[in-house]
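Coordinate analysis (summary)
Spelled out, the chains give:
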Amino acid sequence: GSPISILMPLSTNFGPHDGSLIIERYIDNIVDFPGVFVTVPVGNEGISDTHTEGVIQEQGGTQDIEIEIGEGDNNMIFEIWFQRPDRVAIGLTSPSGEVVERLPIRTGIPQEATLLYERTTVSVLYEVPDPTTGDEHISVTLRNVVPGNWKFTLYGEVILNGRYNAWL
């Protein structure tokens, strides 16, 4: 019968940020009980630019996301989320100008490419639909990443809304 305070330091930017993940739904349920308090600390990144958003204006349109990778960052992972029923493909350009063309949407099958000049391995995983939200979720992983300006091009294949959010 005593009150309880639960600390959940999750330390992640992953997920759709819309309350649909199982841990978010669990927190929503347990705080309905009298005397149960949950604290989830956020904001430790300050002004580190871990989020961007934008809009692809039309079907066939493109939008670029540029990420500056610094020295000592060996690996990088980021996620991009699109509201259903939008469908978006991705390609990239490395700092040396090497291009990975638009990767076709193959849900649940990681697609990998190793860049010739940088020796960076790129892995792209499409989840269409994402099993939790029904939205499109693209996960991009770079291993042995070299410093510099990386450009990720989004290709609007089916666009009704066009809005996207991306988190490092």
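This write-up is about the structure you can find in this document. (Residues numbered from 1 in each chain as written. Predicted model: local features only at pLDDT ≥ 70, side-chain atom pairs only at ≥ 80, totals over all residues. Heavy atoms only, no water.)

**Side note on the environment of V122**
For V122, the position within the fold is in strand β9 (residues 121–127). The class of V122 is buried, set by a relative accessible area of 2%. Remark: the alpha-carbon pair of V122 and V100, spanning 22 residues in sequence, is separated by 9.1 Å. Residues contacting V122, with those up to four places away along its chain left out, are L92, Q111, E112, A113, L115, T141 and L142. (Helix = DSSP H or I, 4+ residues; strand = E, 2+ residues; numbered from the N terminus. Buried < 20%, exposed > 50% of the residue type's maximum accessible area, 1.4 Å probe, protein only. Contact = heavy atoms within 4.5 Å.)

**What about the pattern of salt bridges?**
A complete count under the given rule lists five salt bridges for this structure. Between R163 and E53 there is a salt bridge whose closest N-O contact spans 3.7 Å. You can see R163 sitting in strand β12 (residues 163–167) and its partner E53 sitting in strand β3 (residues 51–55), a full 110 residues away along the chain. Put simply, D135 and R84 hold a salt bridge, and the shortest N to O gap is 3.5 Å. Here the residue D135 occupies a position in the loop between β9 and β10 (136–143), and R84 occupies one in the loop between β5 (75–82) and β6 (87–93), the gap between them amounting to 51 residues. (Salt bridge = Lys/Arg side-chain N within 4 Å of Asp/Glu carboxyl O.)

**A look at unusual backbone geometry**
Each neighbour pair has its own omega, and for R84 with P85 the value is 5°, a cis peptide bond. Inspection of the secondary structure assignment puts P85 in the loop between β5 and β6. One non-glycine residue, R119, lies in positive phi territory at about 65°. As for its placement among the helices and strands, R119 is situated in the loop between β8 (111–114) and β9. The phi dihedral of N144 is positive, around 60°, even though this residue is not glycine. Accessibility expressed as a relative area gives 52% for N144, which makes it exposed.

**Some remarks on the nonpolar core**
I80, I90, F152 and L154 are the most contacted members of the largest nonpolar core, which has 30 residues in total. Mapped onto this core, the elements with two or more residues apiece are β4 (62–69), β5, β6, β7 (99–103), β9, β10, β11 (148–158) and β12. Not counting residues within four places of it along the chain, the set of residues in contact with L154 comprises I56, G61, T62, Q63, I65, I80, F82, V88, A89, I90 and Y164. (Core = buried A, V, L, I, M, F, W, Y, C linked by side-chain atoms within 4.5 Å.)

**Observations concerning the sheet that holds β6**
Strand order in this open sheet of four strands is β4-β11-β6-β7, and the pairing throughout is antiparallel. Edge positions in the open sheet fall to β4 and β7, since each of these has one partner strand only. With strand direction ignored, the average angle separating the axes of adjacent strands in the sheet is 20°. Summarising the sheet, β6 and β7 pair through three bridges and their orientation is antiparallel. Looking across to β7, one finds that L92 is bridged to V100. (Pairing = 2+ DSSP bridges. Axes fitted to C-alpha atoms, helices over the stretch in contact; angles between N-to-C directions.)

**Here we look at the packing of aromatic side chains**
In this description, an aromatic ring pair is defined by two values, namely the gap between the centres and the angle between the planes. The full count for this structure, using the stated rule, is two aromatic pairs. For the ring pair F82 and Y164, a centre distance of 6.0 Å and an interplane angle of 50° mean the geometry is tilted. With F82 in strand β5 and Y164 in strand β12, this pair connects stretches of sequence that are 82 residues apart. Here F82 falls in the buried class, since its relative accessible area comes to 1%. On the basis of relative accessible area, Y164 is assigned to the buried category, the value being 2%. (Phe/Tyr/Trp six-rings, centres within 6.5 Å; stacked < 30°, edge-to-face > 60°.)

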